[in-house]
Amino acid sequence: MASRRPYVGGNWKMNLDRNGAVALCRDLAQETLTLDAIQIAIFPAFVHLDAAHATLALAKSNVMLGAQDVYPEPDGAFTGEISIAMVQDFGANHVLVGHSERRHVIGEPEPLIRQKTRALIEAGMTCVLCIGETLDQRESGDTNAINESQLRSALRNLTIDDPQRLVIAYEPVWAIGTGRTATPDDAQDAHKHIRAVLADLFDENTANAIRIIYGGSVKPDNAAELFSQPDIDGGLIGGASLKPNDFLSICTAAQETSRAEGVST
Ligand code: 13P
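This is a predicted model, so every value here is computed, not measured.

Scanning the protein chain from N- to C-terminus turns up 11 helices and eight strands. For the protein chain, the C-alpha radius of gyration of 17 Å lies close to 18 Å, the compact-globule estimate for 265 residues. C-alpha extents for the protein chain along the principal axes are approximately 50 × 45 × 35 Å. Here the analysis covers contacts within the protein chain between residues at least 6 apart in sequence; of these, 75% occur between residues at least 24 apart. Here the protein chain displays about 11500 Å² of accessible surface, and carbon together with sulfur accounts for 48% of that area. Of the charged side chains in the protein chain, 22 are positive and 35 negative, and the gap between their average positions amounts to 2 Å.

This is the structure:
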């Protein structure tokens, strides 16, 4: 895994009430203090960011806070949208962009994903750009082509000064919330191709420094094998991130993989 620090994100999606979000933050804050070889971020719903921030700060937690989306414009007449400055104000420094549920359920178009990615990088935020193919696309043998076109579209003409602030989440749509996971070999193949595209878009050193994480039914019993692949630098976790013990086991698997591979922290 070269010297990339593993990244584990918990995407809480549209789940939990305020008390549930605070309780989960409390559990995670206590149990993650020794997981210092990895970067952990949680992505609660917007309305829970304030409470999550306060809870993590009180516990002096290393867990980073993220938002599930933002709008690229700084302010103005965009009813229902939330700006980058607004989420920063609530202590969120990481943001998901282009999640498959936004692409396929909400219908978010690629030009908007590109604008969001650019705005986040320019604001110095950590942008977790999500890409991945549908089942039909996989069955037609188009996995790499789809990943490549989503990457090239979102990252077009982008310059990045700090490769730590761009994380690519490869999430095959058919594996999200279904209990079906890409095999470690299939995921590794996709990640390797993604890294080659990043090298073409930026340069070899930058591509080698960008974390590429896997998402789609990651669980405690498959995390270690996925994370031990050379181009898989952690995971983006949905359902299992709502269960503190499961999420902590997955984080521990990432920490152990990084220790085994001698990642400097
Ligand atoms: P699951 O882990 O529930 O499959 O969700 C993955 C995901 O969409 C994370 O963003």
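Grouped together as the largest cluster of nonpolar side chains are 65 residues, with contacts concentrated most on Leu129, Leu166, Ile168 and Leu198. Broken down by element, this core gets its largest block of residues, six residues, from helix α11 (residues 244-260). Sequence-distant contacts of Ile168, that is, excluding residues within four places in its chain, are made with Leu129, Ile131, Leu151, Ile194, Leu198, Ile210, Arg211, Ile212 and Ile213. Counting 10 residues, the second largest nonpolar core, distinct from the first, contains Phe43, Leu96, Ala169 and Leu236.

Take unusual backbone geometry next. Only a minority of non-glycine residues have a phi that is not negative, and only a minority of peptide bonds are not trans. Residue Lys60 is not a glycine yet carries a positive backbone phi of 50°. Examined against the element boundaries, Lys60 turns out to sit in the loop between α2 (49-58) and β3 (64-67). One non-glycine residue with positive phi stands out, namely Asn157, at about 60°. Looking at the element boundaries, Asn157 is found in the loop between α7 (143-154) and β6 (166-170). Using a relative accessible area of 67% as the deciding quantity, one classes Asn157 as exposed.

Attention now moves to the pairing of strand β1 (residues 7-11). Counting buried positions along β1 gives five out of five residues, so the element sits mostly inside the fold. Side-chain alternation along β1 places Tyr7, Gly9 and Asn11 on one buried face and Val8 and Gly10 on a second face that is also buried. With five bridges connecting them, β1 and strand β2 (residues 39-43) associate as parallel partners. Residue pairing across strands places Val8 opposite Ile40, the latter belonging to β2. In this fold, the crossover linking β1 to β2 by way of helix α1 (residues 18-31) has right-handed handedness.

Below, the discussion takes up the packing of aromatic side chains. Two aromatic rings, taken as a pair, are described by how far apart their centres are and by the angle between their planes. For the structure on display, the rule yields two aromatic pairs. Relative to Phe78, the ring of Tyr71 lies with its centre 4.8 Å away and its plane at 40°, an arrangement referred to as tilted.

Strand order in this closed barrel of eight strands is β1-β2-β3-β4-β5-β6-β7-β8, and the pairing throughout is parallel. Here the strands of the sheet are splayed against their neighbours by 25° on average, with no regard to which way each runs. Of the pairings in the sheet, the one linking strand β5 (residues 126-131) to β6 comprises five bridges and is parallel in character. Counterpart to Cys127 in the pairing with β6 is Leu166. On the sheet, α7 packs against β5 and β6 and is oriented at approximately 145° with respect to β5.

How each quantity is defined
- Residues numbered from 1 in each chain as written.
- Predicted model: local features only at pLDDT ≥ 70, side-chain atom pairs only at ≥ 80, totals over all residues.
- Heavy atoms only, no water.
- Helix = DSSP H or I, 4+ residues; strand = E, 2+ residues; numbered from the N terminus.
- Rg over C-alpha atoms; globule rule 2.2 N^0.38 Å.
- Contact = heavy atoms within 4.5 Å.
- Areas by Shrake-Rupley, 256 points an atom, 1.4 Å probe, with all protein chains shown as cover.
- Lys, Arg positive; Asp, Glu negative; His and termini not counted.
- Charge placed at Lys NZ, Arg CZ, Asp CG, Glu CD.
- Core = buried A, V, L, I, M, F, W, Y, C linked by side-chain atoms within 4.5 Å.
- Buried < 20%, exposed > 50% of the residue type's maximum accessible area, 1.4 Å probe, protein only.
- Pairing = 2+ DSSP bridges.
- Right-handed = clockwise from strand over helix to strand, strands pointing away.
- Phe/Tyr/Trp six-rings, centres within 6.5 Å; stacked < 30°, edge-to-face > 60°.
- Axes fitted to C-alpha atoms, helices over the stretch in contact; angles between N-to-C directions.

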